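A structural walkthrough
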Amino acid sequence: MKTLVNFSRYVNVIFLCIFCTNITMAQIQKKFNPFKKNPIPIVNNNLGLEYITNLYETTKLDYHDFKIQGEDAFAVAAIRGNWYLKYKKMFDFRCKEPFLGGGPKYTENDYRKISYQFRLVDNQGIEDSIQFLLDKYLLNNADTLKKWNLPSSRDNKRTEKIIERLGLEHFKFIITVFDSKKNSYFIDVPEAEQANDEMVIMRVFKYPADVDIFLYNAKIDNWEYVESISVAGDHELELYVLQKFEPRYLKDCK
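Quick summary incoming for the structure in this document. The residue numbering used here restarts from 1 in each chain and proceeds along that chain's sequence as written. Only residues with pLDDT of at least 70 are given local features in this predicted model, and only at 80 or more are side-chain atom pairs given and counted; all residues enter the totals for whole chains, interfaces and linings. Heavy atoms from the whole structure form the basis of all side-chain values; hydrogens and water molecules are not counted.

What follows concerns the pattern of salt bridges. Here a salt bridge means any side-chain nitrogen of Lys or Arg lying within 4 Å of a carboxyl oxygen belonging to Asp or Glu. Throughout the structure, instances matching the rule amount to eight salt bridges. Salt-bridge contacts for glutamate 246 lead to lysine 172; the nearest nitrogen and oxygen are separated by 3.0 Å. One end of the pair, glutamate 246, is in the segment after α8 (234–245); the other, lysine 172, is in strand β4 (residues 171–178), and 74 residues separate them in sequence. Each residue's exposure class comes from its accessible area (1.4 Å probe, protein chains only) as a fraction of the maximum for that residue type: buried when under 20%, exposed when over 50%, partly exposed otherwise. Residue lysine 172 is classed as partly exposed on the basis of its relative accessible area of 30%. Think of it this way: any DSSP run of H or I at least four residues long counts as a helix, any run of E at least two long counts as a strand, and we number them from the N terminus.

Here you go:
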């Protein structure tokens, strides 16, 4: 009888844990406002249209490029220092920082939009291997690269081939697409002025915003519409993407 009572208590504790977990997840979901639109197709990447988001080749957020530029040994004194930090403040990413992707082109109504692109990996070993293999191009000649079984440095699909070699099944590619007319603006960055005296400009996203979320499907080589979401800022957007597609990154949030 005592055993039966203990077992009953044990089962109750399990159900209580499950109940609490469900409440926690429900509270997290309430922070966001996901909604569905009619399916929104995107033109296939391989059609060669200008400004289509490239799945593999991504660029860093502007302030990172500014930082690298400021730390360059050949940089003029005017652009050295930590001036880029004030531009970093315009972005509020705290977990897995996304890369700034290009604007995908919709087939419906033929209008352009802009996006953040996330490249998420399901384990840290694979993620570290990407940079390890890419670093080989900075230090080795063509013969050494060949010994490493790496594509030529002149191969314009170099990153794509490296990712395929590591296993495409470990990767998720997500784009979060904004309406460029409603949710973006440009600012001048005088500290990053080019040698030819051309002013450098940077795009900044405005919130609150309705964002369309797309997931890349390798089987059809195209982006598939998932849903749309209303978000109040960069951090809220990244929390939603990571929670939905690859929660392991959430442990790195500050």
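With that settled, the discussion passes to the packing of aromatic side chains. For Phe, Tyr and Trp, rings pair up if their centres lie within 6.5 Å, where Trp contributes its six-membered ring, and each pair is then called stacked (planes under 30 degrees apart), edge-to-face (over 60) or tilted (otherwise). Applying the stated rule across the entire model yields 14 aromatic pairs. A centroid spacing of 5.4 Å and a plane angle of 50° characterise the contact between tyrosine 63 and phenylalanine 91, whose relative ring orientation is tilted. Here tyrosine 63 is found in helix α2 (residues 62–71), whereas its partner phenylalanine 91 is found in the loop between α3 (85–88) and β2 (99–101), with 28 residues between them in sequence. Both residues of the pair, tyrosine 63 and phenylalanine 91, count as buried. For the pair phenylalanine 173 and tyrosine 216, a centre-to-centre distance of 6.1 Å together with 85° between the ring planes defines the contact as edge-to-face. Placement of the pair is phenylalanine 173 in strand β4 and tyrosine 216 in strand β7 (residues 209–217), with a sequence separation of 43 residues. On the accessibility criterion, tyrosine 216 (13% relative accessible area) is buried. Ring-pair connections join several aromatic residues into one group, and the members of that group are Phe93, Tyr116, Phe178, Phe205 and Tyr207. If you follow arginine 248 out to its NZ or CZ, it ends over the ring of tyrosine 249, 4.4 Å from the centre. By definition here, charges over rings are those cases where NZ of Lys or CZ of Arg is within 6 Å of the ring centre and within 35 degrees of the ring normal.

Time to look at helix α6 (residues 158–166). Restricting attention to buried positions, one finds in α6 the residues Thr159, Glu160, Ile162, Ile163 and Leu166. Viewed along the axis of α6, the buried residues span an arc of 165°, placing them on a single side of the element. Contacts were defined at the residue level, with two residues in contact if any of their heavy atoms lie within 4.5 Å. Packing partners of the buried residues in α6 comprise β3 (114–121), α4 (124–139) and β4. Just downstream of α6, glycine 167 is the residue with a positive phi angle, here 115°. By arc we mean the arc of the directions from the helix axis to the C-beta atoms, nothing more.

Moving on: the side chain of glutamate 191. Relative to the helices and strands, glutamate 191 is located in the loop between β5 (184–189) and β6 (200–205). With a relative accessible area of 18%, glutamate 191 lands in the buried category. A polar contact of 2.7 Å, which involves the side chain of glutamate 191, links it to the side chain of tyrosine 87. Counting of polar contacts relies on pairs of N or O atoms within 3.5 Å, with two restrictions inside protein: one atom must be capable of donating a hydrogen and the other of accepting it, and residues adjacent in sequence are counted only when both atoms are side-chain atoms.

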